[in-house]
Amino acid sequence: MYMKRLLTFILLLTLATGLYSQEKKVKWYSIQEAEKLSKESSRPIFIDTYTDWCGWCKKMDQETFTNSVIADILNTKFYPVKFDAEGTEAVDFFGKNFINDGKNGRAHQLAVTLLRGQLSYPTVVFLTRKDDKLQVSPVPGFRQPKDMEMLLSYFSEKAYETQSWEDFQKTFKGKIQ
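Now for a description of the structure that goes with this document. It should be emphasised that the depicted structure is a prediction, and the values quoted were computed from it without experimental measurement.

### Digging into the pattern of salt bridges
Here the idea is simple: oppositely charged side chains can pair when their charged atoms come close.
Move 1: Taken as a whole and assessed by the stated rule, the structure comprises six salt bridges.
Move 2: Here lysine 82 makes a salt bridge to aspartate 61, at a shortest N to O gap of 2.8 Å. With a gap of 21 residues between them, lysine 82 in strand β2 (residues 79-84) and aspartate 61 in helix α3 (residues 55-63) connect regions that are remote in the sequence.
Move 3: The class for aspartate 61 is partly exposed, based on a relative accessible area of 29%.
Move 4: The partner of aspartate 167 in a salt bridge is lysine 170, with the nearest N and O atoms 3.7 Å apart. Of the two residues, aspartate 167 and lysine 170 are both situated in helix α7 (residues 165-171); the distance of three residues between them amounts to about one turn of the helix.
Move 5: Its relative accessible area of 65% is what places lysine 170 among the exposed residues.
Move 6: Taken together, the shared-partner salt bridges connect Asp48, Asp61 and Lys82 into one network.

See the structure below:
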């Protein structure tokens, strides 16, 4: 009887842990899905611009995007996208067609546009709307979860409309210690 209860408890614990860990994953959208969804709501688009060879990109995938606080913010406050900056697929985005034609080395035209020609990886890009115009804000470099939480909050709370990044950093109190 004791063994049966113990096995039942372990099974339930395993299932609960599996379900809990699934909730922590970021739901990544394609760039086209994010564009469509952003037209239906006021959520900004978050784009993780990466390359296959970038070690810091992989580190951010493993350490930052797996954090439950970061995943929760991305899943509830943004439409998150992973974009391979050296991908070869043509991409239609906000009425324009972008390709990787080799004119920018291995970089895709969309990456060059989003990063404003400053090709550095990883770079996260925030696409927000102001007065019905799309604002593009690239932020280069690896971010630990604590720093990413602050950055995500700055954009999700629209703090950029009322205060500088420096002032926001002074008063921000996050969940990640």
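### With respect to the side chain of glutamate 149
Move 1: Relative to the assigned elements, glutamate 149 resides in helix α6 (residues 145-156).
Move 2: Although glutamate 149 lies buried, it forms no salt bridge, and the closest oppositely charged side chain, lysine 175, sits 6.4 Å away as judged by the N-O distance.
Move 3: Not counting residues up to four positions away in its chain, the partners in contact with glutamate 149 are Val69, Ile70, Ile73, Phe172, Gly174, Lys175 and Ile176.

### Thoughts on unusual backbone geometry
Move 1: Of note, the amide linkage connecting tyrosine 121 to proline 122 takes the cis form, showing an omega dihedral of -5 degrees.
Move 2: Following the sequence through the fold, proline 122 ends up in the loop between α5 (109-114) and β5 (123-130).
Move 3: With a phi angle near 55 degrees, lysine 158 is a residue other than glycine that sits in the positive phi range.
Move 4: Tracing the backbone shows lysine 158 in the loop between α6 and α7.
Move 5: On the basis of relative accessibility, which here comes to 37%, the residue lysine 158 falls in the partly exposed class.

### Things to note about the packing of helix α4 (residues 68-77) against α6
Move 1: Close contact between α4 and α6 brings their axes to 9 Å; oriented N to C, the two are set at 20 degrees. When the axes of α4 and α6 are compared, the pair comes out roughly parallel. Considering only the axes of α4 and α6, their crossing is left-handed. From α4, Val69, Ile70, Ile73, Leu74 and Lys77 reach across to α6, where they touch Pro145, Met148, Glu149, Leu152, Ser153 and Ser156.
Move 2: Taken together, the residues of the contact of α4 with α6 break down into seven nonpolar, two polar and two charged.

### Points about the state of the cysteines
Throughout this description, disulfide means a covalent bond between two cysteine sulfur atoms.
Move 1: Per the stated rule, a full pass over the model turns up one disulfide.
Move 2: One disulfide in the model links cysteine 54 with cysteine 57; its S-S distance is 2.4 Å. On the sign convention where negative means left-handed, the S-S torsion of about 85 degrees between cysteine 54 and cysteine 57 marks this disulfide as right-handed. Take cysteine 54 and cysteine 57: they sit in the same class, and that class is buried.

### Concerning the sheet that holds β2
Move 1: Judged by pairing direction, the sheet is mixed, and its four strands sit side by side in the order β2-β1-β5-β6 without closing on themselves. Sheet topology places β2 and β6 (133-140) at the edges, where each strand pairs with a single neighbour. In this sheet, neighbouring strand axes are inclined to one another by 20 degrees on average, regardless of whether the strands run parallel or antiparallel.
Move 2: Strand direction decides the pairing type here: strand β1 (residues 45-50) and β2, joined by six bridges, are parallel. The partner of tyrosine 50 across the bridge, within β2, is aspartate 84.

Procedures and definitions
Residues numbered from 1 in each chain as written. Predicted model: local features only at pLDDT ≥ 70, side-chain atom pairs only at ≥ 80, totals over all residues. Heavy atoms only, no water. Salt bridge = Lys/Arg side-chain N within 4 Å of Asp/Glu carboxyl O. Helix = DSSP H or I, 4+ residues; strand = E, 2+ residues; numbered from the N terminus. Buried < 20%, exposed > 50% of the residue type's maximum accessible area, 1.4 Å probe, protein only. Lys, Arg positive; Asp, Glu negative; His and termini not counted. Contact = heavy atoms within 4.5 Å. Axes fitted to C-alpha atoms, helices over the stretch in contact; angles between N-to-C directions. Parallel < 35°, antiparallel > 145°, perpendicular 65-115°, else oblique. Left-handed = near helix turned anticlockwise from the far one by under 90°. Nonpolar A, V, L, I, M, F, W, Y, C, P; charged D, E, K, R; others polar. Disulfide = S-S within 2.5 Å. Pairing = 2+ DSSP bridges.

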